[in-house]
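Now for the letters of each chain:
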Amino acid sequence: RGELKKKKLVWLELNGCSGNIISLMNGTNPDLEYAITSMVDLVYSNSLMVAEGEAAISRLVTLIEQKEDFILAVEGAVSLKNNGLYHVIGRWKGEPLTGLEAAKMLGEKASHVIAVGACAVDGGPSAARPNPAQCVGLQSVLNRKVIKLPGCPCHPDWFLGTLAHLLMYGEPKLDQQDRPLLFYSTSLHDRCPRLIYFERGIFSKTLGEPFCLFKLGCRGPVTRVDCPTRKWNGYVNWPIGASTCIGCSQFGFPDKMEPFVTY
Ligand code: SF4
Ligand code: F3S
């Protein structure tokens, strides 16, 4: 049994919708309050912290200058256009600090780096065609291991479970694309409760029918994640229980998963 060693956590929001930090706030196992009081010291999160302006940015600079040990979680994609100027996260000593600079500065020094959600993993919706801000995933600007938690958004358990593993036992086992096997080792289709209809060739003709959604474009067969058994919003429902799976937890989402529904 491992012992939890509390660490500092930086949560950086780059190009995206902030959906992953909002999803994290929906976590119940543990909840966010437990996570930021008993698991980590949350040094920086522009959605959650009180500090703003240079006082907020100085927290990042101090971490680096004092060579502190910290974990970096990033949501959102990195904008490369105009050397990162399409996404400025704040100012430091009067100069703009771009998301690109912050990702590199912190990403090179953190003990572990976690890409949370589709945009940080490989660009996601921020990098969807025509991608005017030239967004890319975090790995494209860092020459080191980035643990990847794809999903749009990332389920709170996927992040908190990975974080807990890092704090108690070190890095969890990852697949060849650096996703934790804890959450991303199984095919969504193989565990879907509608698989019995797929095998018997009984397909829904419109969303809302209770049969297999394959002929409506369900992306379950090409998606590896544990949504069917974990479920969402306090473990009550999941996309196939409500409409269909659009493959939000698969690399290449959304462009490679379109069209989302075919009639
Ligand atoms: Fe597979 Fe989707 Fe059909 Fe479920 S609904 S069995 S994931 S194709
Ligand atoms: Fe996303 Fe499909 Fe799960 S749409 S949340 S991967 S069921």
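Residues numbered from 1 in each chain as written. Chains lettered and ligands numbered in written order. Predicted model: local features only at pLDDT ≥ 70, side-chain atom pairs only at ≥ 80, totals over all residues.

- The name an unreviewed UniProt entry assigns to the chain is Hydrogenase small subunit, from the organism Laceyella putida.
- Recorded in UniProt under Subcellular location (unreviewed entry), the annotation for the chain is "Cell envelope".
- For the chain, the Sequence similarities (unreviewed entry) comment in UniProt is given as "Belongs to the [NiFe]/[NiFeSe] hydrogenase small subunit family." (UniProt positions renumbered as here; feature names shortened; annotations may be inferred.)

1. Quick notes on the confidence of the model for the chain
Item 1. Mean pLDDT over the chain stands at 96; residues scoring 70 or higher make up 99%.
Item 2. Our summary of model confidence lists the complex with pTM equal to 0.97 and ipTM equal to 0.98. (pLDDT = per-residue confidence, 0-100.)

2. Description of the domain arrangement of the chain
Item 1. Along its sequence, the chain is organised into domain 1 (7-183) and domain 2 (189-257).
Item 2. For domain 1 versus domain 2, the distance between C-alpha centres works out to 28 Å.
Item 3. Across the contact, 15 residues belong to domain 1 and 14 residues belong to domain 2.
Item 4. Residues belonging to the side of domain 1 that touches domain 2 are distributed by class as follows: six nonpolar, six polar and three charged. (Domains from an automatic or database assignment. Contact = placed C-beta atoms within 7 Å. Nonpolar A, V, L, I, M, F, W, Y, C, P; charged D, E, K, R; others polar.)

3. Quick word on the site of ligand 2
Item 1. Around ligand 2 lies a shell formed by Leu188, Thr223, Val225, Cys227, Trp238, Pro239, Ile240, Cys245, Ile246, Gly247, Cys248 and Ser249.
Item 2. Of the residues contributing to the shell around ligand 2, the split by class is nine nonpolar, three polar and no charged. (Near = placed C-beta within 6 Å.)

4. Considerations on the site of ligand 1
Item 1. Around ligand 1, a shell composed of 14 residues is seen, among which Cys192, Cys212, Phe214, Cys218 and Gly220 lie nearest.
Item 2. Of the residues belonging to the shell around ligand 1, the class tally is 11 nonpolar, two polar and one charged.

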